[in-house]
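# Descriptive analysis of the structure
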Amino acid sequence: MDFITSFSLQNIKRRPGRTIAVLLFSVLFATAIFGGTLLTGSMQQGLRVLNSRLGADIVVVPVAAKTKFNVNSVLLQGTPGYFYMERKVLDDVAGIEGVEKVSPQLFLASMTADCCSASLQIVGFDPRSDFAIQPWIRETYGGLLGDGDIVAGSNVRFTDTRMLKFYDVNCKVAAQLAKTGSALDNAIYANEDTVKRLIAASQKRGMNQYNSFDPADATSTVLVKVKDGYDIEKVTGEINLHVRKVKAVAAKNLISDVAAGLSGLSDMIGICIGVIWILCVLIMMIVFTMLMNERKREFAVLRVLGTSRSMLSRMVVSEAVLINLAGGIVGIALASMFVMLFNTAIGNLLKVPFLMPPVSTILLLAGATLLISVLAGGIISALSAKRISNMDTSLILREGE
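## Description of the overall build of the chain
A tally of helices and strands in the chain yields 14 helices and 11 strands. Here the chain holds 401 residues, and the buried ones make up 50% of them. The long-range fraction of contacts in the chain, counting pairs at least 24 apart against all pairs at least 6 apart in sequence, stands at 79%. Summed over all atoms, the accessible surface of the chain reaches about 19,300 Å², with 61% contributed by carbon and sulfur.

## Structural notes on the pattern of salt bridges
The tally for this structure, following the rule as stated, stands at five salt bridges. Salt-bridge contacts for arginine 205 lead to aspartate 168; the nearest nitrogen and oxygen are separated by 2.3 Å. Note that arginine 205 is positioned in the loop between α7 (192-204) and β9 (218-219) and aspartate 168 in the loop between β6 (163-166) and β7 (169-176), a separation of 37 residues in sequence. Connected via shared salt-bridge partners are Asp114, Asp168 and Arg205.

## Considering the packing of aromatic side chains
One pass over the full model with this rule turns up seven aromatic pairs. Judged by centre distance (5.4 Å) and plane angle (70°), the rings of tryptophan 136 and tyrosine 189 are edge-to-face. Taken as a pair, tryptophan 136 in helix α6 (residues 134-137) and tyrosine 189 in strand β8 (residues 187-191) lie far apart in primary sequence, 53 residues in all. For tyrosine 189, a relative accessible area of 3% corresponds to the buried category. Among the aromatic side chains, those forming a connected cluster through ring pairs are Tyr82, Tyr84, Tyr210 and Phe213.

## Regarding the pairing of strand β1 (residues 58-62)
For β1, a buried count of five out of five residues is recorded, marking the element as mostly surrounded by other parts of the structure. Sheet analysis places β1 next to strand β10 (residues 221-226), joined by three bridges and oriented antiparallel. The partner of valine 60 across the bridge, within β10, is valine 222. Looking at chain direction, β1 and strand β11 (residues 246-250) are connected through five bridges and run antiparallel. Bridge pairing in β11 links isoleucine 58 to alanine 250.

## Comments concerning the environment of proline 353
Here proline 353 shows up in the loop between α12 (343-350) and α13 (359-389). The exposure class assigned to proline 353 is buried, which follows from its relative accessible area of 1%. Sequence separation between proline 353 and serine 42 is 311 residues, and the spatial gap between their C-alpha atoms is 8.2 Å.

## A look at the nonpolar core
Tyr84, Ile150, Phe166, Tyr167, Ile188 and Tyr189 are the most contacted members of the largest nonpolar core, which has 48 residues in total. In contact with isoleucine 150, other than residues within four places in its own chain, are Leu164, Phe166, Cys171, Lys172, Val173, Ala174, Ala175, Ile188, Tyr189 and Ala190. Counting 17 residues, the second-largest nonpolar core is a separate cluster that includes Val60, Ile96, Val235 and Ile239.

## A few points about the state of the cysteines
Summed over the entire model, instances satisfying the criterion amount to zero disulfides. Of all cysteine sulfurs, the one in cysteine 116 lies closest to cysteine 171, which takes part in no disulfide; the gap is 9.8 Å. The buried category is assigned to cysteine 171, whose relative accessible area is 0%.

## Observations regarding helix α8 (residues 232-242)
Within α8, the full set of buried residues consists of Val235, Thr236 and Ile239. Along the long axis of α8, the arc covered by the buried residues comes to 105°, so they all point the same way. Counted as exposed and oriented over 90 degrees from the buried face of α8: Lys234 and Leu241. For α8, the secondary structure elements touched by its buried residues are β1, α5 (89-94), β3 (99-109), β10 and β11. The opening residue of α8, the one whose side-chain oxygen lies 3.2 Å from the backbone nitrogen of glutamate 233, is aspartate 231.

## Topic: the sheet that holds β1
Across the sheet, nine strands lie side by side as β6-β7-β5-β8-β4-β3-β10-β1-β11; this open sheet has mixed pairing. Each edge of the sheet is formed by a strand with only one pairing partner; in this case those strands are β6 and β11. For this sheet the average axis-to-axis angle between neighbouring strands, irrespective of direction, equals 35°. In the packing of α7 onto the sheet, the strands contacted are β3, β4 (121-125), β5 (149-152), β6, β7 and β8, and the crossing angle to β3 comes to about 35°. Packing against the sheet, α8 makes contact with β1, β3, β10 and β11, and its axis sits at approximately 175° to β11.

## Regarding the side chain of serine 110
When you line up the elements, serine 110 lands in the loop between β3 and β4. A polar atom in the side chain of serine 110 sits 2.5 Å from the backbone oxygen of alanine 118. From its side chain, serine 110 meets the backbone nitrogen of leucine 120 in a polar contact 2.7 Å long. Beyond its immediate chain neighbours, meaning those up to four positions away, serine 110 contacts Cys116, Ala118, Ser119, Leu120, Ile122, Phe166 and Tyr167.

About the thresholds
- Residues numbered from 1 in each chain as written.
- Predicted model: local features only at pLDDT ≥ 70, side-chain atom pairs only at ≥ 80, totals over all residues.
- Heavy atoms only, no water.
- Helix = DSSP H or I, 4+ residues; strand = E, 2+ residues; numbered from the N terminus.
- Buried < 20%, exposed > 50% of the residue type's maximum accessible area, 1.4 Å probe, protein only.
- Contact = heavy atoms within 4.5 Å.
- Areas by Shrake-Rupley, 256 points an atom, 1.4 Å probe, with all protein chains shown as cover.
- Salt bridge = Lys/Arg side-chain N within 4 Å of Asp/Glu carboxyl O.
- Phe/Tyr/Trp six-rings, centres within 6.5 Å; stacked < 30°, edge-to-face > 60°.
- Pairing = 2+ DSSP bridges.
- Core = buried A, V, L, I, M, F, W, Y, C linked by side-chain atoms within 4.5 Å.
- Disulfide = S-S within 2.5 Å.
- Arc of directions from axis to C-beta.
- Polar contact = N/O pair within 3.5 Å; in protein donor to acceptor, adjacent residues only side chain to side chain.
- Axes fitted to C-alpha atoms, helices over the stretch in contact; angles between N-to-C directions.

This is the structure:
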C-alpha cells in the first residue's frame, strides 16, 4: 500500500461522520443505477423468453373467447381459463393457403377445492403435431409423456411422490420446466389424452361450465406456422375471412401488447434512474464542496509542510474513490439481494414477464456500475480539491487566527 492510499485510509477512519454521509450517497447512487438497470433487463429477458415459448406465427381462438376472456392472459401468462371450439376448425385452418403446420391445444383450469391439488392452468398438446411446447420440454426432459404424465411449470410445487390431483384424477409429474419469468411457470402441461380425461372428470363432477361439450371433439386454440415467403398478416386475414366462428391473431400482435406495457415501465424506471442519478451527483457535489471548505486549514498546513498541489489532489481523490468503491459494492449487493429474493413478487406486481439475465450479464452490469460510481466520486472530488489547492495558503491560515 503506497503512502497516499495509507494516508487516505487514515483520514477516512478519523472522520466517521463525514465518511458515512458520503458513503450513503454512494450506496444510493449504485443501488439506483444497478437495481434499475437490472429490473429493466429482467423484464426484457422475460419478454424474449415468452416470445420464444409461444412458438407460433398465428394463434386461432373461438370468437367468443375474445369477448369472455382476456386471451393474452390465458395464452401468454398462464392465467387459469378455458374455452372450446369444434375440432374440425383444425382442418379448416390447415386448408388456408400459406399455412405450413397447425397444432391444437386444449385448456382446462383446475379449482381450489378438495378435488385438485392447486388452482392451475392445464394445457394439453398433441405430441404428433406440436411444435411449440415439446421443444421447451426437451430442455429438461428427454422422455415421452404417457397418459397421466404431466410436466410442471417451474413455480409448481409437489411432494416427493411427484403426484398431483386434478378433479380426483391422479397425475404423475414427469419433469419440471425451465423458468420463463411469467405466469406460464404456474401452468401444467400434458398430452391431449390426459387433458381430455381431466375435462371429462370435471364435467362429471359438475365443475365445468361446458358440461355438454365432448372433449374428444374439442380444441381451445390452434397454433399456426406460416410457410416461408407468405405474409403472416395476410394469412391471418384469410383465416378470419374463410373460417367461421374463430378469431385469428398474429402472435407478434399478442406479444406487442405485453411489450407496450413493458416499454412504458422501462421508460418510467429509466426516468427514475436519471432523476436519482442527477440528484445524487448534485448532492455529492454540494457535500464534497462543504467538506473541502471545512478542510481548507488542513490542506493549507499540508501545503506549508511541502505537499504539492498534485499530491494533495491525489489524496482527496483517493479518499473519494475508496469511499465510492465501498458504497458501490454495498449498493450493488443490496440491489442484487432485493431483485433475486423478490423477482417472482416483482413480476406479479408489475404484471410483466420477469426473468433474471444470465450471470455473465449481471456481472458485466455490476462492473459497469462500480466503474461509474467510482469515476463520479473521483471527478467530483478532483474538481473540489483543485479549487481549494489553488487558494492562497497564507490567507487560509490567517482565517483561522
